[in-house]
Amino acid sequence: MSIYTDNIQDMLADDSKIAIRQLESDAMAGNLEATYLLGKVYYDGVYYPPNSNKVLGLWEKGAQNGSIDCLRALGDCHFFGFGYEESNEKAMEIYNEVLRKSPNDHQALCQIGRMHGHDWGVTKNISYAIALLEDAWKKGSGRAATEIGLLYMFDMEKNVENIKEAIKWYQRGAEHGDAKGCYRMGLLYKWGDYGLPESPKMAYQFLFRAKELSDALSLLITSEGCGVASPADMKMLFEEAERRANFGDGELQEALGQAYVRGLGVAVNKELASKWYLRAIENGNTFAEYQYGMKFALGMDGFEKDIQQAYKYLSHAAQAGQSYAMKPLAELLDDEYIPGLSMEDRNSQMIYWFERAVENGEEWAAVTLGRKYENGYTPVQVDVAKAINYYQIAADHDIDMVYLSLGKLYMIPGPTANYKMAHRYLSLAQEKATLDFQIAEIELCYGKMNKDGLGIPKNLEEAHKHFTIAAAKGNADAIEELKHIKKGLFGWKII
């Protein structure tokens, strides 16, 4: 950074109004560095609400007058859809133009590397992306180091060596002052992930350095400064969060809603919590909308239970793609009367949102659908194939409570019968079973498989042993089965 930029940043920290007046004066006088920095003030939304008209006016003028910083920033505007229609292709065109005019511009090089690493307007090529990012790192980009770390962590095979590489590059980014690198290191120390110890102190130090990022500042607010921040620091962080939230930062608005509803660093205040949640919702924060809906659904945190309000917020969040809202919405429709909604609409929506929840990775929703199709619970009919499909999703996520049901379903004669799979899941269920009725059900199934020769040679003596164990634990079906298996002079027989 230049001496001018350093001075302006110090002035912004001390008195933002004086610093911005200085930038306006210098930009008016033709100072291209001031033109870029003033545009960044209106772009970042830290001191004023974001204003795309002012940003583009400043940066377009600066780029026309030869400012590489302003030209590159216009590429960012195209990339993020700020003031322009979002266009990876136009962004790439501008970043390449920057490199033609300034071959050592590490920020443009970093962005091009990121785009190759994520299939943004170009074919994804991880090795080429890392090569570009390493070049940007050597030219001075701390962000490039962090981006290399992200590629190793999330876009390559999860193994010890790649995780070590990811952390190494995060550290390099953080050491170079990159906020995103500091944020990633903060997360690792907060949760004690990937071999790093859980350390609230280290987490706080890194997250504090990353507080310019909304997700870092939000975490500092909702974790009460990782439990180690001083009262003075928490006061400063809270004031910073409120200032930026008032400029329209939806993530910080949601964090403040959490803070006021849970008393995190401030007194519990339901009215202020509602204010910030609703402002976040107005800004399109679907996670805030999910949380707000849940408070009405459960009557929690000082909110009275209100099914109509719960349905309003959860359904809107789910329709906007918030996966966390889908299963609770389906459960609300399953369990509660929704004013103004017919039973037919309620049931169809309920199944739809359970299905969407499963598609979005909610394996417990698959358990619910499996039960419905196994037993024909309203509004569906028994469907063995669908029950197996949903239970299999749950089983693949190690939800052991479905093993017994899967074993029994695979035993049912017909197109879905698979005795090898039945035996597999009955064995897994047997390993987990602790209650008598579970053990009895498993023994009953093994008895039937031996009695009827389902995937194994028919063996009435073995069947009798399994039925006897099940019957001893009170299983009525096993007691009935024992009435029809007897040992005669010439061996076991069915009577």
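To start, this report covers the structure provided alongside it. (Residues numbered from 1 in each chain as written. Predicted model: local features only at pLDDT ≥ 70, side-chain atom pairs only at ≥ 80, totals over all residues. Heavy atoms only, no water.)

## Looking at the overall build of the protein
Filter applied, for reference: Put simply, DSSP H or I for four residues or longer makes a helix, DSSP E for two residues or longer makes a strand, and each gets a number counted from the N terminus. Radius of gyration means the value over C-alpha atoms here, while the globule rule gives 2.2 Å times the residue count to the 0.38 power. Categorising residues by exposure relies on relative accessible area from a 1.4 Å probe, with only protein chains included: less than 20% of the type maximum marks a residue as buried, more than 50% marks it as exposed, and the intermediate range marks it as partly exposed. The contact definition used throughout considers only heavy atoms, calling two residues in contact when any of these lie within 4.5 Å. Per-residue accessibility takes into account occlusion by the displayed protein chains alone, with areas from the Shrake-Rupley method and a 1.4 Å probe. We count Lys and Arg on the positive side and Asp and Glu on the negative side, and we leave His and both chain ends out. Charge positions are represented by NZ for Lys, CZ for Arg, CG for Asp and CD for Glu.
Summing up its helical and strand segments, the protein has 27 helices and 2 strands in all. In terms of C-alpha radius of gyration, the protein reaches 30 Å, well past the compact-globule figure of 23 Å for 495 residues. Its C-alpha atoms give the protein principal-axis dimensions of roughly 110 × 50 × 40 Å. Out of the 495 residues belonging to the protein, those deemed buried represent 47%. Counting only contacts in the protein whose residues sit at least 6 apart along the sequence, the fraction spanning at least 24 positions is 45%. Accessible surface computed for the protein: about 24,600 Å², of which carbon and sulfur atoms make up 50%. Within the protein, one finds 53 positive and 70 negative side-chain charges whose respective centroids are separated by 4 Å.

## Overview of helix α20 (residues 343-359)
Under the convention used in this document: In a helix, the anticipated span is given by 1.5 Å times the number of residues less one. The arc under discussion is defined with respect to the helix axis, by the directions toward the C-beta atoms.
The end-to-end C-alpha distance of α20 is 24 Å, a good match for the 24 Å that 17 residues give at a rise of 1.5 Å each. Listed as buried for α20 are Arg346, Asn347, Met350, Ile351, Trp353, Phe354, Ala357 and Val358. Within α20, the buried residues cover an arc of 165° as seen down the axis, which keeps them to one side. Within α20, the exposed residues directed more than 90 degrees away from the buried face are Glu344 and Glu359.

## What about the nonpolar core?
Proteins that are soluble and globular tend to have nonpolar side chains buried together. Rules: Only buried residues count toward a nonpolar core, which is a set of Ala, Val, Leu, Ile, Met, Phe, Trp, Tyr and Cys residues joined through side-chain atoms within 4.5 Å.
Core analysis: the largest hydrophobic core is formed by 151 residues, its most contacted members being Trp59, Met185 and Val402. Formed by 10 residues, the second largest nonpolar core is a distinct cluster that contains Leu444, Leu460, Ala463 and Ala478.

## What about the side chain of serine 315?
In this structure, serine 315 sits in helix α18 (residues 307-319). Beyond its immediate stretch of four places on either side in the chain, serine 315 contacts Ala310 and Leu329.

## Focus on the pattern of salt bridges
Stated formally: In what follows, salt bridge is the name for a side-chain nitrogen of Lys or Arg lying within 4 Å of a carboxyl oxygen of Asp or Glu.
Tallied over the entire structure, the rule returns 24 salt bridges. The residue aspartate 44 makes a salt bridge to lysine 40 at a minimum N-O spacing of 2.8 Å. Within this pair, aspartate 44 and its partner lysine 40 are both found in helix α3 (residues 32-44), separated by 4 residues, close to a single helical turn. Assessed through its relative accessible area of 39%, aspartate 44 is described here as partly exposed. Each of Asp69, Arg72 and Asp105 takes part in one network of salt bridges that share partners.

## Observations concerning helix α6 (residues 88-101)
With 14 residues, α6 ought to run about 20 Å at 1.5 Å a step, and its terminal C-alpha atoms sit 20 Å apart, in line with that. Considered for burial, the residues of α6 that qualify are Asn88, Ala91, Met92, Ile94, Tyr95, Val98 and Leu99. Buried residues of α6 fall within an arc of 165° about the axis and therefore sit on the same side. The exposed set on the far side of α6, more than 90 degrees from its buried face, consists of Glu89, Arg100 and Lys101. Residues of α6 that are buried sit in contact with α5 (68-80) and α7 (106-118).

## Brief notes about the packing of aromatic side chains
Spelled out, the test is: For Phe, Tyr and Trp, rings pair up if their centres lie within 6.5 Å, where Trp contributes its six-membered ring, and each pair is then called stacked (planes under 30 degrees apart), edge-to-face (over 60) or tilted (otherwise).
Per the stated rule, a full pass over the model turns up 22 aromatic pairs. Between tyrosine 204 and phenylalanine 208 the ring centres are 5.6 Å apart and the planes differ by 50°, which places this aromatic pair in the tilted class. Note that tyrosine 204 and phenylalanine 208 are positioned in helix α12 (residues 200-209) at a spacing of 4 residues, about one turn of the helix. Look at tyrosine 410 and tyrosine 425: their rings are 6.4 Å apart centre to centre, the planes differ by 15°, and that puts the pair in the stacked class. Taken together, the residues tyrosine 410 in helix α23 (residues 403-411) and tyrosine 425 in helix α24 (residues 419-432) connect sequence positions 15 residues apart. The exposure class of tyrosine 425 is buried, given its relative accessible area of 1%. What links up through ring pairs into an aromatic cluster is the set Tyr277, Tyr292, Phe296, Phe303 and Tyr313.

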